[in-house]
Amino acid sequence: MLLTIKYFGLIAEVTQKSEETLEFSGKHISELLTLLYAKYEALKTKDFQVAQNQELVATDALVSGQEIALLPPFAGG
Amino acid sequence: METKKPKNVFHEGAITSDFIGNSIYKHQTKINIGAHNIFLGQVRADEIDGKTVSAIEYTAYEDMANQKFHDIREAAFEKFDLTCMHIYHSLGTVKAGEICLFVFVSSPRRKVVFQALEYIVEAIKADVPVFGKEIFEDDSHQWKVNN
């Protein structure tokens, strides 16, 4: 399936882009992360959460949505 | 009546005293209100490793953030007897000393607004995907983390 991956803050600095589309044939978020770690090695050392269709998900969650976001620690307020 | 649709909480740049004052003024027609409470988040000129923060540049996952602000708002109305509630958060550059978050709650009674405001501000800090790049005076930066 075709996924839109969004990057924010420190994570966007690592990937050098704010979003991209990726063809993904796996099932779980963890497999998607493996793919992203291969592409952006520095991501491995960064702290972030994953949102799928704008809801935070665990790494063992199934990839079901089209929009995935990598969110570094929040700093609102 | 309160709308159920998420609205845009974000405000480009700093939130000015005029904007805040005008917001208070607009509530003077609502004579069922007995107490307001206001939280203002202000950018602090922290000193980190000998360098001073001169501004914070805010970005957000805007669609998700507006939905989270909406959820917080709905939960607050559910939990507390509020008449009104407004949240404004800056995007873009806010200099040290300027306001980046304005939360305004109103109720017939004072005890309600004290509790509601704390609940709302803590929820914003924990749940809303907003990111802050702390810019130092020498133009270097680091990413802020809420604690």
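Everything numeric here is computed off the predicted structure, so don't read it as measured data. (Residues numbered from 1 in each chain as written. Chains lettered and ligands numbered in written order. Predicted model: local features only at pLDDT ≥ 70, side-chain atom pairs only at ≥ 80, totals over all residues. Heavy atoms only, no water.)

Another point: the pattern of salt bridges. The final tally for this structure, using the stated rule, is six salt bridges over all chains. Taking the shortest distance from any N to any O, the salt bridge between K17 of chain A and E20 of chain A comes out at 3.5 Å. Measuring nitrogen to oxygen at the nearest pair gives 2.8 Å for the salt bridge that ties D46 of chain B to R44 of chain B. Assessed through its relative accessible area of 57%, R44 of chain B is described here as exposed. Residues joined by salt bridges that share partners form a network here, namely K17, E20 and K39 of chain A. (Salt bridge = Lys/Arg side-chain N within 4 Å of Asp/Glu carboxyl O. Buried < 20%, exposed > 50% of the residue type's maximum accessible area, 1.4 Å probe, protein only.)

Residues and elements named next belong to chain B. Under the 1.5 Å per step criterion, the end-to-end length of helix α3 (residues 110–127) is 26 Å for 18 residues, consistent within 8% with the ideal 26 Å. Residues of α3 that are buried: V112, V113, A116, L117, I120, V121, A123 and I124. One face of α3 carries all of its buried residues, which in axial projection span an arc of 160 degrees. Across from the buried face of α3, at angles greater than 90 degrees, the exposed residues are K111, F114, Q115, E118 and A126. In this structure, the buried residues of α3 make contact with β2 (35–42), α2 (62–79), β5 (84–95) and β6 (99–107). (Helix = DSSP H or I, 4+ residues; strand = E, 2+ residues; numbered from the N terminus. Expected span 1.5 Å × (residues − 1). Arc of directions from axis to C-beta. Contact = heavy atoms within 4.5 Å.)

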